[in-house]
Amino acid sequence: ATNTSSFLVADVAEAVDKADRVVGLHYFFHPAKNRLVEVIGHQGTSADTLRTAWAFQEQIGKTPIDSADAPGFVVNRFFVPWLNEAVRLHEEGHTIAEIEAVSKTSFGIGMGPFELMNVTGVPITLHASASLAERLGDFYAPAASLKPQVDSGEPWDLSGDVTGAGDAVIIERLWGVVYHVACQLVSEGVSTPEDTDIGARVGLRWPAGPFERFNEMGLKQAASYAQNLAKRYSLQ
């Protein structure tokens, strides 16, 4: 089993003699505390291997979700662009303090995107964005200021005033990214709405997943967020 978050499982399987026994088991940070694990089979993974891998996760107290062998698998596919969009918003003039405050309130989370990057490592966001962009296109490419921030060796400065002036824009853009990418995941057959929501709740500790929030917000408003995001970046 491979814990990769950036290589395709099929690519790893090419290096072994018994590819039918190769499976992805992507544990989430911190693996001693985070219960989520994405179980990823490539086209040649046997049904027995998948059953065994899934059962083992349940036996050790993990919460497995199924993912196709696709870039970013399930959670990172929408989570990394969420982080990246926060950086783009900052580049457009929104303060980090404002983005942090709005994110925590709107998403119901304890840490906003910049604090999360500081905790897990800004270079990881840069690498993950670049990896997704290689396979999925420019929308996933790292925001312009990500590499300079990594090169500086410094964490993001979270200080500053919160005025509330740009709250509506921040909310629409960050939720728009999540809704658009989550819907793509399902339409491409990478995941299901149920597994995507479980991934967000268990892996990211969001109080509700993308599709649950889609329903709570209302289909019309949530769809408009996703559609406006798609228009902004010329996405399908």
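What this report covers is the structure whose coordinates are included nearby. (Residues numbered from 1 in each chain as written. Predicted model: local features only at pLDDT ≥ 70, side-chain atom pairs only at ≥ 80, totals over all residues. Heavy atoms only, no water.)

## Notes on the overall build of the chain
Short version of the rule: Strands are runs of DSSP state E lasting at least 2 residues, helices are runs of H or I lasting at least 4, and numbering of each runs from the N terminus. Three exposure classes are used, based on accessible area relative to the maximum for each residue type with a 1.4 Å probe and protein chains only: buried under 20%, partly exposed in between, and exposed over 50%. Residue contacts are defined here by distance: any two heavy atoms, one from each residue, within 4.5 Å place the two residues in contact. Surface exposure here means Shrake-Rupley accessible area, sampled with a 1.4 Å probe, where a residue is shielded only by the protein chains that are shown. Neither His nor the chain ends is counted toward charge; the positive residues are Lys and Arg and the negative residues Asp and Glu. Charged groups are reduced to one reference atom each: NZ for lysine, CZ for arginine, CG for aspartic acid, CD for glutamic acid.
Of the regular secondary structure elements, the chain holds eleven helices and three strands. In the chain, the succession of helices and strands from N to C terminus is α-β-β-α-β-α-α-α-α-α-α-α-α-α. Taken along its principal axes, the extent of the C-alpha atoms in the chain is 55 × 40 × 35 Å. Out of the 236 residues in the chain, the part that is buried amounts to 49%. In the chain, once contacts between residues fewer than 6 apart in sequence are set aside, the share between residues at least 24 apart is 70%. When the accessible area of the chain is evaluated, it comes to approximately 11300 Å², of which 53% is carbon and sulfur surface. Charge-centre separation for the chain: the mean point of 18 positive side chains lies 3 Å from the mean point of 29 negative side chains.

## A few points about the pattern of salt bridges
When the charged atoms of two side chains lie near each other, side chains of opposite charge can form a pair. The criterion, for reference: Every case where a carboxyl oxygen of Asp or Glu lies within 4 Å of a side-chain nitrogen of Lys or Arg is listed as a salt bridge.
Considering all chains together, one arrives at ten salt bridges under this definition. For Glu 85, the salt bridge goes to Arg 173, with nearest N and O atoms at 2.6 Å. In this pair, Glu 85 sits in helix α3 (residues 75–91) while Arg 173 sits in helix α8 (residues 167–187), placing the two residues 88 residues apart along the sequence. The class for Glu 85 is buried, based on a relative accessible area of 0%.

## A word on the side chain of Arg 173
Going by this rule: Pairing of N or O atoms within 3.5 Å defines a polar contact, subject to two protein rules: one partner must be a possible hydrogen donor and the other a possible acceptor, and residues neighboring in sequence count only if both atoms are side-chain atoms.
The class of Arg 173 is buried, set by a relative accessible area of 8%. Reaching out from Arg 173, the side chain makes a polar contact with the side chain of Glu 92 at a distance of 2.9 Å. When near neighbours in sequence (up to four residues on either side) are disregarded, Arg 173 contacts Glu 85, Arg 88, Leu 89, Glu 92, Leu 229, Arg 232 and Tyr 233.

## Structural notes on unusual backbone geometry
Here the amide bond leading from Phe 29 into His 30 is cis, since omega sits at -10 degrees, within 30 degrees of zero. As for its placement among the helices and strands, His 30 is situated in the loop between β1 (23–27) and β2 (36–41). Phi at Phe 73 is positive, roughly 50 degrees, even though this residue is not glycine. One non-glycine residue, Arg 205, lies in the positive phi region at around 60 degrees.

## Some thoughts on the packing of helix α9 (residues 193–203) against helix α10 (residues 210–217)
A pair of packed helices can be characterised by two numbers: the angle between their axes and the separation between those axes. To keep things clear, this is the line we draw: Geometry is summarised by axes, namely lines fitted to C-alpha atoms with helices restricted to the contacting stretch, and by angles between N-to-C directions that run from 0 to 180 degrees. Angle categories: roughly parallel below 35 degrees, roughly antiparallel above 145, roughly perpendicular from 65 to 115, and oblique for all the rest.
Look at α9 against α10: their axes get within 7 Å of each other, and the N-to-C directions meet at 100 degrees. Taken as axis vectors, α9 and α10 run roughly perpendicular relative to one another. Contact residues: Pro 193, Thr 196, Asp 197, Ala 200 and Arg 201 in α9; Pro 210, Phe 211 and Glu 212 in α10.

## Considerations on the sheet that holds strand β3 (residues 63–67)
As a reminder, the rule being used: Any two strands with at least two DSSP-identified bridges between them are counted as paired.
With mixed pairing, three strands are arranged side by side in an open sheet as β1-β2-β3. Two strands bound the open sheet, and with one partner strand each, they are β1 and β3. Taken pair by pair, the neighbouring strands of this sheet meet at an average axis angle of 25 degrees, ignoring direction. Pairing between β1 and β2: five bridges, direction antiparallel. Bridging across to β2, His 26 finds its partner in Glu 38. Packing against the sheet, α9 makes contact with β2 and β3, and its axis sits at approximately 140 degrees to β3.

## A look at the nonpolar core
We count it as follows: Definition used in this section: a nonpolar core is a set of buried Ala, Val, Leu, Ile, Met, Phe, Trp, Tyr and Cys residues joined via side-chain atoms within 4.5 Å.
With 51 residues, the main nonpolar core has Phe 78, Trp 82 and Trp 206 as its most contacted residues. Sorting elements by how many residues they give to this core places α3 first, with nine residues. Setting aside residues no more than four positions away along its own chain, Trp 82 makes contact with Ser 103, Phe 107, Ile 109, Gly 112, Pro 113, Leu 116, Leu 174, Val 177, Val 178 and Trp 206.

## A closer look at the side chain of Thr 4
With respect to the element layout, Thr 4 can be found in the segment before α1 (9–13). According to the relative accessible area criterion, Thr 4 is buried, its value standing at 11%. Reaching out from Thr 4, the side chain makes a polar contact with the backbone nitrogen of Ser 6 at a distance of 3.2 Å.

## Some remarks on the packing of aromatic side chains
Put simply, the rule is: Stacked, tilted and edge-to-face pairs are distinguished by plane angle, under 30 degrees for stacked and over 60 for edge-to-face with tilted covering the rest, among Phe, Tyr and Trp rings (Trp via its six-membered ring) whose centres lie within 6.5 Å. Whether a charge sits over a ring depends on NZ of Lys or CZ of Arg being within 6 Å of the ring centre and within 35 degrees of the ring normal.
If you walk through the whole model with that rule in mind, you get twelve aromatic pairs. Taking 5.3 Å as the distance between ring centres and 65 degrees as the angle between the ring planes, the aromatic pair formed by Trp 82 and Phe 107 counts as edge-to-face. Of this pair, Trp 82 sits in helix α3 while Phe 107 sits in helix α4 (residues 96–107); the two residues are 25 residues apart in sequence, bridging distant segments of the chain. Considered together, Trp 82 and Phe 107 belong to a single accessibility category, that of buried residues. Look at Phe 139 and Tyr 140: their rings are 5.0 Å apart centre to centre, the planes differ by 75 degrees, and that puts the pair in the edge-to-face class. We classify Tyr 140 as buried; its relative accessible area is 5%. Grouping aromatic residues by their ring pairs yields a cluster made of Phe 78, Phe 79, Trp 82, Phe 107, Trp 175, Tyr 179, Trp 206 and Phe 214. Over the aromatic face of Tyr 233 sits the side chain of Arg 232, whose NZ or CZ is 5.9 Å from the ring centroid.

Structural measurements only, silent on function.
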